[in-house]
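Okay, here's what each chain looks like letter by letter:
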Amino acid sequence: MSSSLNTRAGMLRFLRRAIIAFFAVPLSLAAGLTLVDSYRRRNRKPKPFPVAEPETAHIGASAITTYTYGQDLYDDMLAAIAGARRQILFETYIWKGDEVGEQFKAALTEAAERGVDVHVIYDSFANLVVSPRFKRFSPAIKVLRYPVYAAGLRFFDLRRYGRDHRKLLVVDGEVGFVGGYNIGTPYATEWRDTHVRITGPGVWDLKRAFADFWNLNRRKRLRRSERPLLLDTASDWESRIRLHRNVPRLWMFPIRGMYLEAINRATRNIWLTHAYFIPDQDFVDAVTSAARRGVDVRLLLPRKSNHIVADWISRGYFGQLLDAGVRIFRFRDAMVHAKTATIDGNWTTIGTANVDRLSMTGNYEINVEVIAPQLAEVMERIFELDLTNCVELTSGEWESRDIYRRFTEAVLSPLRPLL
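Anyway, here's the lowdown on the structure attached to this text. Predicted, not measured: the structure shown is a model, and the values here were computed from it.

So, how was this worked out
Residues numbered from 1 in each chain as written. Predicted model: local features only at pLDDT ≥ 70, side-chain atom pairs only at ≥ 80, totals over all residues. Heavy atoms only, no water. Helix = DSSP H or I, 4+ residues; strand = E, 2+ residues; numbered from the N terminus. Buried < 20%, exposed > 50% of the residue type's maximum accessible area, 1.4 Å probe, protein only. Contact = heavy atoms within 4.5 Å. Expected span 1.5 Å × (residues − 1).

## A closer look at unusual backbone geometry
Even without glycine at this site, Asp333 takes up a positive phi of about 65°. Within the element layout of this structure, Asp333 appears in the loop between β13 (327–331) and β14 (335–336). Unusually for a residue other than glycine, Asp344 sits at a positive phi of about 60°. With respect to the element layout, Asp344 can be found in the loop between β15 (339–343) and β16 (347–351).

## Section: the environment of Arg293
The topology assignment puts Arg293 in the loop between α7 (281–292) and β12 (296–302). What makes Arg293 partly exposed here is its relative accessible area of 41%. The spatial distance from the C-alpha of Arg293 to the C-alpha of Thr267 is 8.3 Å, given a sequence separation of 26 residues. Aside from chain neighbours lying at most four places away, what touches Arg293 is Ile263, Asn264, Arg265 and Ala266.

## Points about helix α3 (residues 99–113)
Helix length check: α3 (15 residues) gives 21 Å between terminal C-alpha atoms against 21 Å at 1.5 Å per residue, within 8%. Tucked inside the fold, the buried residues of α3 contact α2 (70–82), β3 (87–92), β4 (117–123) and α4 (185–189). One or two steps after α3, the chain reaches Gly115, where phi turns positive at roughly 110°.

## Things to note about the environment of Thr273
Assignment of secondary structure puts Thr273 in strand β11 (residues 269–274). Accessibility expressed as a relative area gives 3% for Thr273, which makes it buried. With 80 residues separating them along the chain, Thr273 and Asp193 place their C-alpha atoms 9.6 Å apart.

Okay, here's the thing in structure tokens:
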């Protein structure tokens, strides 16, 4: 009996050590890659990249303007804040305390102090390195700081670990902005991202999205006297413009389903632009199946993103994609942070969700889905312009990569479910 117990205890010790080693090795390698990449990036000067001018597509009573250059977007966002008369709803993931960040803070403060009802939400974890001084706001602004740790004593409740990764602005219920841009000086000129400005009936859904998040989290994060943020029911509805929201607290993740449905219906082309592409196998199967049935499937990624570990893990899917006929393009000399797709000249999505586990089944995200050729045509032109700054990855190049690269991909593969 004693021998049996000793054997069982030994097996458990071995199993524990094996599990620790299974994750410790890739985590250590990931940390090392991150440190080396951070050192290499020091004093690296950004390079220019092709930029599309803001372009507006009219869809019924709504209008959608696309932005691919941060300064253009920030100018229009600040102008909207300056012209606010009644209410501003502002939400962001990263809000740097630099020149651009200060411009937004000053604009929001000025609006609040002239009597505009200003509500602000930002993610505390994403802004840990931002100066505490910057994060002190005028009492006239209502601020919800989404906490670094939101689970409290419910340690095992996975619904409470999602980050607030959304970026949106709604002014007076008349104009709304949503997309991939965070707030900060580097994003104004150095990053290639995509955002949209919406007017007309589609704005109400953005207001509702902000209010629902505010009300869901206000009880513990704000003063007890703070009332729920209530909104009138929408009087008009533009069925071709839809907002999809991932809400981990309610275990709602419709954005992944939206993508899979559109990809499975594709007959002509699927053009995807993403900062980080770490899909689950069902997503890979949908994309490769589309390519095998003759759909023109193109994936545009940064050649080097700001998260080198995500780059390495993403490469683990390249073999399957290339074998199926998916074309992979890598954007040169600048970070592509966009999260967009356009399909068959009729369907488009632009938003905050990456194709990875954190976005698809983890964080609070928001994407606008538009079923209209007017916007799809704009997005196809933007994609084609981006291709002029890309290098295509060929099957031959991929198969000839050296043993060091293959080894790194293999060692990091256990981290896929975590990202």
